[in-house]
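Single-letter residue listing:
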Amino acid sequence: MNITEHLEACKALIEQLPSQPKVQLFSGTLAAENIKDLSLDGQRCYVLLGCGGGPIPPKKDRMGLECDAVFGAFVLAKSDSDTKGVSRQAMTTANEILIAFDNYRGNIKTNPNLPELQLIEDLFSGMKGNTNFSAWQVVWTQRIKLS
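Not measured: the values here are computed from a predicted model. (Residues numbered from 1 in each chain as written. Predicted model: local features only at pLDDT ≥ 70, side-chain atom pairs only at ≥ 80, totals over all residues. Heavy atoms only, no water.)

Considerations on the pattern of salt bridges
Turning to step 1, where the next piece is worked out: In total, this model carries six salt bridges according to the counting rule given.
Turning to step 2, where the next piece is worked out: Salt-bridge contacts for Lys 11 lead to Glu 15; the nearest nitrogen and oxygen are separated by 2.8 Å. Of the two residues, Lys 11 and Glu 15 are both situated in helix α1 (residues 3-15); the distance of four residues between them amounts to about one turn of the helix.
Turning to step 3, where the next piece is worked out: Lys 11 gets classed as buried once you look at its relative accessible area, which sits at 18%.
Turning to step 4, where the next piece is worked out: Assessed through its relative accessible area of 34%, Glu 15 is described here as partly exposed.
Turning to step 5, where the next piece is worked out: The partner of Arg 88 in a salt bridge is Asp 80, and the shortest N-O contact between them spans 2.8 Å.
Turning to step 6, where the next piece is worked out: Here the salt bridges do not stand alone but share partners, grouping Glu 66, Asp 68 and Arg 143 into one network. (Salt bridge = Lys/Arg side-chain N within 4 Å of Asp/Glu carboxyl O. Helix = DSSP H or I, 4+ residues; strand = E, 2+ residues; numbered from the N terminus. Buried < 20%, exposed > 50% of the residue type's maximum accessible area, 1.4 Å probe, protein only.)

Examining a nonpolar patch on the surface
Turning to step 1, where the next piece is worked out: A cluster of nonpolar residues, Ile 56, Leu 65 and Leu 146, forms a patch on the protein surface that exposes about 220 Å² of accessible area.
Turning to step 2, where the next piece is worked out: Mapped onto the elements of the fold, Leu 65 is located in the loop between β2 (46-51) and β3 (66-78). (Patch = residues over 30% accessible without salt bridge, like charges linked within 9 Å, V, L, I, M, F, W, Y side chains within 5 Å. Areas by Shrake-Rupley, 256 points an atom, 1.4 Å probe, with all protein chains shown as cover.)

Okay, here's the thing in structure tokens:
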């Protein structure tokens, strides 16, 4: 397995969550101005899933060529009309993703460790940039065998 295959497996896992978000692979940094052209239907979240690569551990600490890759899921949804920029749907989906990856190794033969959950946070509310979107992120690291 390589990073691309693992990212595709992560995408499939997120698509199966109860909230059934729309998932696309993504590269870059998420900011309010980057998402203004997204079209959200308000019925389900939009998840941008990416991998930023990561350090190669010292040879003595690994088996084969491995990478401690950093993965991120950016969860976007329309803000709720009865709040000041909050999306309950985005919060719920981010929580579902966190729970799903707590014990998700992917391919056991090529992923020697379970993921290490790093972060769940509110990136920005619908009040920022007049987008009416709320964004949450979930970040985890996982050792991936590259060969």
